[in-house]
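So the chains spell out like this:
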Amino acid sequence: MSQELKPVENLNETEAAEELAFLAAELARHDALYHGQDAPEISDADYDALKRRNDAIEQRFPVLIRDDSPSKKVGAAPSVTFQPVVHARPMLSLDNTFSDEDARDFVASVYRFLGQLPDNSIAFTAEPKIDGLSMSLRYENRRLVTAATRGDGTTGENVTANIRTIGMIPQTLPAGAPDVVEVRGEIYMAKSDFAALNAEMAALGKPLYVNPRNTASGSLRQLDAKVTASRKLRFFAYAWGEISEMPADTQMGMVEVFKSWGFPVNPLMQRLSSADALLEHYHHIERERPDLDYDIDGVVYKVDRLDLQARLGFRSRSPRWATAHKFPAEQAFTRLTAIDIQVGRTGALTPVARLEPITVGGVVVTNATLHNEDYIKGLGNSGEAIREGRDIRIGDMVIVQRAGDVIPQIVDVVMDERKAGSEPYRFPTTCPVCGSHAVRDINEKTGKVDAVRRCTGGFVCRAQAVEHLKHFVSRNAYDIEGLGSKQIEFFFESEDPTLMIRTAPDIFTLEKRQEASLTKLENIDGFGRVSVRKLYDAINTRRSIALQRFIYALGIRHVGETTAKLLARSYGTYEHFGEAMRDASTFTGDAWNELNSIDGIGEVVARAIVEFYKEPRNLEVVTRLLLEVTPEAAEAPVASNSPVAGKTVVFTGSLEKMTRDEAKAKAESLGAKVAGSVSKKTDIVVAGPGAGSKLDKARELGVATMDEDEWLALIGG
Ligand code: IVH
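Reading the values: rules and limits
- Along every chain, residues carry numbers that run from 1 in the direction the sequence is written.
- Residues qualify for local features only when their pLDDT is at least 70, as the model is predicted, and side-chain atom pairs are given and counted only at 80 or more; totals for whole chains, interfaces and linings, by contrast, use all residues.
- Excluding hydrogens and water, the side-chain values take into account all heavy atoms of the structure.
- Each helix is a run of H or I in the DSSP string that is no shorter than four residues. Each strand is a run of E no shorter than two, and both are numbered from the N terminus.
- Relative accessibility thresholds used throughout: buried, under 20% of the residue-type maximum; exposed, over 50%; partly exposed, between the two (1.4 Å probe, protein chains only).
- Here a residue-residue contact requires only that any non-hydrogen atoms of the pair lie within 4.5 Å.
- Here the accessible surface of atoms and residues is derived via Shrake-Rupley with a 1.4 Å probe, and residues count as covered only by protein chains that are part of the display.
- The sign given to each residue is positive for Lys and Arg and negative for Asp and Glu; His and the chain ends receive no count.
- Here the site of a charge means NZ on Lys, CZ on Arg, CG on Asp, or CD on Glu.
- Nearness here has a simple test: a residue counts as near a molecule or strand if at least one of its heavy atoms is within 4 Å of that partner.
- Here a polar contact means two N or O atoms within 3.5 Å. Within protein one must be a hydrogen donor candidate and the other an acceptor candidate, and residues neighboring in sequence count only if both atoms are side-chain atoms.
- Patch rule: a residue counts if its relative accessible area is over 30% and it has no salt bridge; like charges are joined within 9 Å, and nonpolar side chains (Val, Leu, Ile, Met, Phe, Trp, Tyr) within 5 Å.
- Any Lys or Arg side-chain nitrogen found within 4 Å of a carboxyl oxygen on Asp or Glu counts as a salt bridge.
- Should DSSP find at least two bridges between two strands, the strands are regarded as paired.
- Only the stretch in contact is used when fitting a helix axis, every axis being a line fitted to C-alpha atoms; angles between N-to-C directions are given from 0 to 180 degrees.
- We define a nonpolar core as any set of buried Ala, Val, Leu, Ile, Met, Phe, Trp, Tyr and Cys residues linked to one another through side-chain atoms lying within 4.5 Å.
- UniProt positions are given in the numbering used here, feature names are shortened, and annotations may be inferred rather than shown by experiment.
- For this analysis, a ring pair means two rings from Phe, Tyr or Trp (six-membered ring only for Trp) whose centres lie within 6.5 Å, classed as stacked if their planes differ by under 30 degrees, edge-to-face if by over 60, and tilted for the remaining angles.
- For a Lys NZ or an Arg CZ to count as sitting over a ring, it must be within 6 Å of the ring centre and within 35 degrees of the ring normal.
- This arc describes the spread of directions from the helix axis toward the C-beta atoms.
- Orienting the strands away from the viewer, one traces the path from the first strand over the helix to the second; a clockwise path indicates a right-handed crossover.

Novice: Help me understand the overall build of the chain in this model?
Specialist: Each helix and strand counted, the chain has 24 helices and 24 strands in total. With the C-alpha coordinates aligned to their principal axes, the bounding extent of the chain is approximately 85 × 70 × 65 Å. Per-residue burial over the chain gives 50% buried out of 717 residues. A fraction of 67% describes how many contacts in the chain between residues 6 or more apart in sequence connect residues 24 or more apart. Counting only carbon and sulfur atoms, one obtains 50% of the accessible surface of the chain, whose full area is about 33,300 Å². Of the side chains in the chain, 87 bear a positive and 103 a negative charge, and the two mean positions are spaced by 2 Å.

As structure tokens, then:
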């Protein structure tokens, strides 16, 4: 079942626990309806989809398996999902801000990006951040045609039939509304309706729902729209997607238009002109929070003028013109019962606190992160004392904090309750999985000891190898359906040469190896003929893959999605990239310089990539992988018809019409690559007053140079 929530591999433990609790309650309720009352609310297929979601979460978080888990009961059926809907404009998320100071920084960053003095001339809106589900409502010729959940931001689920049951959502728009408009906002369940529903459940002796958000989600994702209709869902409109004609030129104006079309909009939205005023409103909303009939988890600030929003544009996933100022994290006391060490893909040893279960902000928490060895000792990243130097010991009473999606953390210890005779925690100096030494490297640049202790086992460490594979198949990498953590562990552990997967290329030879095998995968518990076929199909469709995913999947240290994308865009094809990385092996010369000149890639990252390619074991795996899969050439630049698409541009000296950041963002949106230094590969150097060595170098190399006005004329800006 695809989810409007996160894919399982992106869930953190808190979210997983929350969802497992919800699924246990929801499935128990359906069991009762089906068996006890013979009045099922959902189809077998939908029931099964819920169950499989539950199983998938449990596979990833075995420690969270509940005593009342649905997986401990029997039952199965094929699955049905909602139809996918590709959003005409992606549904993005918001950056988070956690303090007043960060909120002021956000305001300052807007002025900075636009190259203006912070003189309170820019208006912002401030409105509650509703804790519900985002929804995109598409109207064509003033009729509601599609309602889609956010999904992964690009593709959501078609829940139109269910949305049509929500009375406060207009089915038609008045004359004068644009021919095409997508109104976006939040679906939620009122706290009062949630309480009433739970009172009904209690009266019937049924399990209670966990929180309004999950209940709203469950109510919406029913195959039978009658069920949705029976739950009171509500909506606030606050954004839009595709729109054929803009009816207003400010954020506030747009929301007023939505209101005039009959959409509910939030009454606490205000238009304000200074950071002080935004913060005052934030604190006002925070005080109102307990009395509101809907859950909110912060306040969203947005630049009001839409032309300024357009200039500010987007980072990879979120707009520069908005931020969500979250309410402070909730805290609770509990006892630390154990500290477990997890070994990650890069060998990092991460301490995880096991806790006596405690409810923090409505969610049961049993695990929390302890970050690293120094954090447990009471030392910060620069060796300074944190918690006034108090260390954390097994058996201590601790303060657990949980903020939104963030993994719960232990923020302090209650010293008065420390047991006599307790000992400081001794962090292991060997890997708990493979027994190799675990060391703390010295950072070459800073000369400081790294906060993270790492297993030196590399390829011999089972944990690292397995985590590498899990990363390889993860959602933003190869994203192979049917090959989750549990399956990876199964294949990794297998000793049968026709079944085992030890490195990524083995995934792609599995089907072939199985052909001649006597131990057929389909006869193994947990697999069946259909699922095995599906798995092979999923693997085979990935034999061709976007270059950026391929690079990301390699699991090179420090190379996350953004860096992988930069590399893919800069080198275009895998051949170029691989060759350049091998040429850079001496950390000198053109290839090395070129890698370092990519804007956004610093020396630490560059070094990690080259080091990766110097390791013969990595080269061998990559070579074998390339026999099986073909990385596609990087996507053509976004605006391939622009005169600068595909060109490498360097900005130097001061710019007068826009800030450096804005110039860079604009150039990139036109498909250009922006580099930090001039080389033979540079196409254009845009030089403002005060340009020095880069301009000289450009002249020396015969690279085209122009001033800011010429550049603006070229790009038509
Ligand atoms: S604006 C381009 N305004 O928060 C961003 N989002 O973290 C458009 N949300 O997915 C979103 N209340 O579901 C916006 N007043 C509000 C919101 C809001 C809740 C949710 C929304 C979005 C998520 C982003």
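Novice: What am I meant to see in the site of the ligand here?
Specialist: What surrounds the ligand is a group of 14 residues, the closest being Glu-127, Ile-130, Ser-134, Glu-186 and Tyr-238. Within the backbone of Leu-94, one N or O atom sits 3.3 Å away from an oxygen atom of the ligand. Contact between the ligand and Lys-129: an oxygen atom at 3.2 Å from a side-chain N or O atom of the residue. Burial of the ligand by the protein amounts to 87% of the accessible area it has alone, namely 520 Å². Looking at the shell around the ligand, the elements with two or more residues in it are strand E3 (124-130) and strand E10 (296-303).

Novice: Just to check I follow, could you spell out a negative patch on the surface for this structure?
Specialist: Judged by side-chain charge, Asp-100, Glu-101, Asp-102 and Asp-105 come together as a negatively charged surface patch. Inspection of the secondary structure puts Asp-102 in helix H3 (residues 100-114).

Novice: It is not clear to me how the sheet that holds strand E8 (residues 233-243) should be interpreted in this structure. Could you clarify?
Specialist: As a general point, the strands of a sheet are linked pairwise by backbone hydrogen bonds and lie either parallel or antiparallel. Reading across from one edge, E5-E4-E7-E8 is the order of the 4 strands in this open sheet, with antiparallel pairing throughout. What marks the edges here is a single partner per strand, and that holds for strand E5 (143-149) and E8. In this sheet, neighbouring strand axes are inclined to one another by 30 degrees on average, regardless of whether the strands run parallel or antiparallel. Contacting strand E7 (180-189) and E8, helix H8 (residues 251-260) crosses the sheet at an angle of about 120 degrees to E8.

Novice: Looking at this model, I keep getting lost on the nonpolar core. Mind explaining?
Specialist: If you look at soluble globular proteins, the nonpolar side chains tend to sit buried side by side. Residues Ile-507, Leu-567, Leu-595 and Ile-609 are the most contacted members of the largest nonpolar core, which totals 58 residues. The element that contributes the greatest number of residues to this core is helix H20 (residues 603-614), accounting for 6 residues. Those residues within four positions of Leu-567 in sequence are excluded, and the remaining contacts are Ile-551, Val-559, Gly-572, Phe-577, Leu-595, Ile-598, Ile-601 and Ile-609. Grouped together as the second largest cluster of nonpolar side chains are 53 residues, Tyr-47, Ala-147, Met-201 and Phe-235 included.

Novice: Mind showing me how you'd approach the UniProt feature "active site" (unreviewed entry) in the chain here?
Specialist: The UniProt record annotates "active site" (unreviewed entry) at Lys-129. Turning to its location among the elements, Lys-129 is positioned in strand E3. Here Lys-129 falls in the partly exposed class, since its relative accessible area comes to 21%. Leave out the neighbours within four places in its chain, and Lys-129 touches Leu-94, Asp-295, Ile-296, Asp-297, Gly-298, Val-299, Val-300, Ala-324 and Lys-326.

Novice: Hey, could you run me through the packing of aromatic side chains in this one?
Specialist: In this description, a pair of aromatic rings is defined by centroid distance and the angle of the planes. Enumeration according to the criterion identifies 24 aromatic pairs in this entry. Between Phe-258 and Phe-263, the ring centres sit 6.2 Å apart and the planes meet at 70 degrees, which makes this aromatic pair edge-to-face. Overall, Phe-258 belongs to the buried group, its relative accessible area being 0%. Aromatic ring contacts, followed pair by pair, group Tyr-139, Phe-235, Trp-240, Phe-258, Trp-261 and Phe-263 into a single cluster. Across the ring face of Tyr-375, the terminal group of Arg-387 is positioned such that the distance to the ring centre comes to 4.7 Å. Seen from the ring of Phe-459, Arg-617 lies directly overhead, with NZ or CZ sitting 4.5 Å from the centre.

Novice: Would you take a moment to explain unusual backbone geometry for this structure?
Specialist: The bulk of non-glycine residues show a negative phi, and the bulk of peptide bonds are trans. For Asn-141, which is not glycine, the phi torsion reads 50 degrees and is therefore positive. Within the secondary structure, Asn-141 is located in the loop between strand E4 (133-140) and E5. Not every positive phi belongs to a glycine, and Asp-479 is a case in point at roughly 50 degrees. Summarising the element assignment, Asp-479 is placed in the loop between helix H12 (462-473) and helix H13 (485-493).

Novice: Any chance you could explain H13 here in plain terms?
Specialist: Count 3.6 residues to each turn of an α-helix, and residues three or four apart come out pointing the same way. Among the residues making up H13, those that are buried are Gln-487, Ile-488, Phe-491 and Phe-492. Looking down the long axis of H13, one finds its buried residues gathered within 135 degrees of arc, a one-sided arrangement.

Novice: Help me understand the UniProt feature "binding site: Zn(2+)" (unreviewed entry) in the chain in this model?
Specialist: Within this structure's numbering, the places UniProt gives as "binding site: Zn(2+)" (unreviewed entry) are Cys-431, Cys-434 and Cys-461. These annotated residues cover 31 residues of sequence, and their C-alpha atoms all fall within 8.5 Å of one another, placing them together at a single site. Summarising the element assignment, Cys-431 is placed in the loop between strand E16 (409-413) and strand E17 (438-439). Counting through the fold element by element, Cys-434 comes out in the loop between E16 and E17.

Novice: Just to check I follow, could you spell out the pairing of strand E23 (residues 684-687) for this structure?
Specialist: The two faces of the sheet receive side chains in turn, since in a regular strand these alternate between them. Covered by surrounding structure in E23 are Ile-684 and Val-686 together with Val-685 and Ala-687, the residues of both alternating faces. In terms of strand pairing, strand E21 (residues 648-652) meets E23 through 4 bridges, oriented parallel. Residue pairing across strands places Val-649 opposite Ile-684, the latter belonging to E23. Sheet analysis places E23 next to strand E24 (residues 704-706), joined by 3 bridges and oriented parallel. For Ile-684, the partnering residue across the bridge sits in E24 and is Ala-704. On the question of chirality, the crossover connecting E23 to the parallel E24 by way of helix H23 (residues 693-701) is right-handed.

Novice: Explain the side chain of Ser-570 to me, please; I cannot follow it from the model alone.
Specialist: Take Ser-570: it is sitting in helix H17 (residues 561-571). At 2.7 Å, the side chain of Ser-570 and the backbone oxygen of Leu-566 are in polar contact. If sequence neighbours within four positions are ignored, Ser-570 has contacts with Ile-598 and Lys-673.

Novice: Would you mind going over the sheet that holds strand E11 (residues 322-326) with me for this structure?
Specialist: Strand order in the open sheet made by the 5 strands is E2-E11-E10-E3-E9, with mixed pairing throughout. This sheet does not close on itself; its edge strands, each paired only once, are strand E2 (96-97) and strand E9 (270-272). Pairing between E3 and E10: 7 bridges, direction antiparallel. By the bridge assignment for E10, Glu-127 is matched with Val-300. Across the sheet, H3 lies against E2, E3, E10 and E11, angled at about 175 degrees from E11, the strand it touches most.

Novice: Would you mind going over the pattern of salt bridges with me for this structure?
Specialist: Close approach of charged atoms lets side chains of opposite charge pair. A full pass over the atoms with the stated rule returns 42 salt bridges. The residue Glu-157 makes a salt bridge to Arg-221 at a minimum N-O spacing of 2.8 Å. Placement of the pair is Glu-157 in strand E6 (residues 155-157) and Arg-221 in the loop between helix H6 (212-220) and helix H7 (225-230), with a sequence separation of 64 residues. With respect to class, Glu-157 is no different from Arg-221; both count as buried. Residue Asp-307 pairs with Arg-305 through a salt bridge whose shortest N-O separation is 2.7 Å. Since its relative accessible area comes to 41%, Asp-307 is described here as partly exposed. In the salt-bridge network here, residues are joined through shared partners; they are Arg-138, Glu-140, Glu-182, Arg-184 and Glu-242.

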